[in-house]
Amino acid sequence: MFILDSHCDTPSQLIRLRKLDKDGSHSHVDFPKLRRGGVDAVFFALFTPNTMVADAATRYALQMLEAVYESVGENPDMAAMAFSPDDAFRNKEDGLISVFLGMENGLPIQHDLSLLRLFHRMGVRYMTLCHNGDNEICDSAAGNARWGGLSGFGREVVAEMNRLGMLVDIAHASDKTFYDCLETSSVPIVSTHSCCRALASHRRNLSDPMLRALADKGGVVQVNFYPLFLSDSFAHTLAQSGLEEEADRAEAAFIASPSDPDAVRAWEKTQDKLKALPRPGVKEIVDHIDHAVNVAGIDHVGIGSDFDGINVPPLGLEDISMIGRLFDQMTIRGYSDDQIEKVAGLNFIRVFNEALRA
Ligand SMILES: [Zn+2]
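Residues numbered from 1 in each chain as written. Predicted model: local features only at pLDDT ≥ 70, side-chain atom pairs only at ≥ 80, totals over all residues.

Chemist: Now, about helix α5 (residues 113-121): what can you tell me, with residues and values included?
Modeler: Along α5, the positions that sit buried rather than exposed are Leu-116, Phe-119 and His-120. For α5, the angular spread of buried residues about the axis comes to 105°, placing them on one side. Opposite its buried face, α5 presents the exposed residues Ser-114 and Arg-121, each directed more than 90 degrees away. As for α5, its buried residues are in contact with β4 (97-104), β5 (124-128) and α6 (152-164). Within two residues after α5, Gly-123 carries a phi angle of roughly 115°, on the positive side. (Buried ≥ 20, exposed ≤ 12 C-beta atoms within 10 Å, placed from the backbone. Helix = DSSP H or I, 4+ residues; strand = E, 2+ residues; numbered from the N terminus. Arc of directions from axis to C-beta. Contact = placed C-beta atoms within 7 Å.)

Next comes the structure, spelled out in structure tokens:
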């Protein structure tokens, strides 16, 4: 089986005090955990928050990119970079975990296609067009409909990504942006980390008509593990707990001073408090997989954990080493091995290859 997780925010952790060869107590993803989980390939997302001005975001993305290359290079016995599915299959044969690069939020390319091309040259193979706010490219699900979908520049970005063979990722995008991308892109598009709105009403989740439209164009939705996107009752619990603000503050402190051990400890303490809340787990993730499969079809669903980017992991799947529990649960629910393999990675690989070929 080939297991691929299409979205981990590990790079923003790497420029803090993290080492990928260490089995960290509060990390969701590192090489020992990936190994224990039997994970073959993982996309590390270069995430930049909208609170950064464009130059700072470009610089921060470059720093994370360098940190990924450095961390992978330090561990040649465990992992290797990958830029295509062929690379990843070769690495698997060599007993190595593949690390792919993605970019979350188009902020670092500013208003400049040459920066997009440069990030592609440096190995970035998908770009999540936006994050929690409208940017130069498009409107976000958490934005103010600045453009009414994709901007004029955004349409150029999508066309250039198609030309380069870079996947267009609509996670975090507004519904209108999603439909604009479907119409504009000449190749299937993806959501690297989104859940189903029919099961949890968060506006960032995909509605059934969106899931159907995505599948009709050959794309794939990679189900997210974040409790907030899995369950409305958890969203309510989190809001009541007052811990969300504390978590946001702790994360902002991290980004402001990545090598400050006090900021690291404060963040870890907040995570422990969040883990004490009643939260959804493996069952709910598979509920979202089931729903997406029923609506979009078995060829259009995968997994994108969002690990290392979420303030609390799902119950029973506290880090990537436990990923097998998902597939066990799928087996219990009657999925065949072939079907599980598709969701575990082969569907995403198919769309990735289509983008590269185009
Ligand atoms: Zn995200």
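From this point on, the discussion continues.
Chemist: Give a description of the packing of helix α11 (residues 243-256) against helix α12 (residues 261-275) that names residues and reports values.
Modeler: At a closest axis distance of 9 Å, the pairing of α11 and α12 adopts a crossing angle of 155°. Judged on the interaxial angle alone, α12 and α11 are roughly antiparallel. The element α11 and its partner α12 pack so that their crossing is left-handed. Contact with α11, carried on its side by Leu-243, Glu-246, Ala-247, Ala-250, Glu-251, Ala-253 and Phe-254, involves Ala-263, Ala-266, Trp-267, Thr-270, Lys-273 and Leu-274 of α12 and no other residues of that element. Partitioned by chemical class, the residues of the contact of α11 with α12 number 9 nonpolar, 1 polar and 3 charged. (Axes fitted to C-alpha atoms, helices over the stretch in contact; angles between N-to-C directions. Parallel < 35°, antiparallel > 145°, perpendicular 65-115°, else oblique. Left-handed = near helix turned anticlockwise from the far one by under 90°. Nonpolar A, V, L, I, M, F, W, Y, C, P; charged D, E, K, R; others polar.)

Chemist: For unusual backbone geometry, give the residues involved together with the corresponding values.
Modeler: Note: most peptide bonds trans; most residues except glycine with negative phi. Of note, Asn-105 is a non-glycine position whose phi angle comes to about 95°, a positive value. Along the polypeptide, Asn-105 turns up in the loop between β4 and α5. With a phi close to 75°, His-172 is a non-glycine residue in the positive phi region. Mapped onto the elements of the fold, His-172 is located in the loop between β6 (167-169) and α7 (175-184).

Chemist: Describe the nonpolar core, listing the residues and the values that go with them.
Modeler: Judged by nonpolar contacts, the single largest core of 109 residues is most densely connected at Val-42, Leu-211 and Ala-292. The contacts of Leu-211, once residues within four sequence positions are left out, are Cys-196, Leu-206, Val-221, Ala-292, Val-295 and Ala-296. (Core = buried A, V, L, I, M, F, W, Y, C linked by C-beta atoms within 7 Å.)

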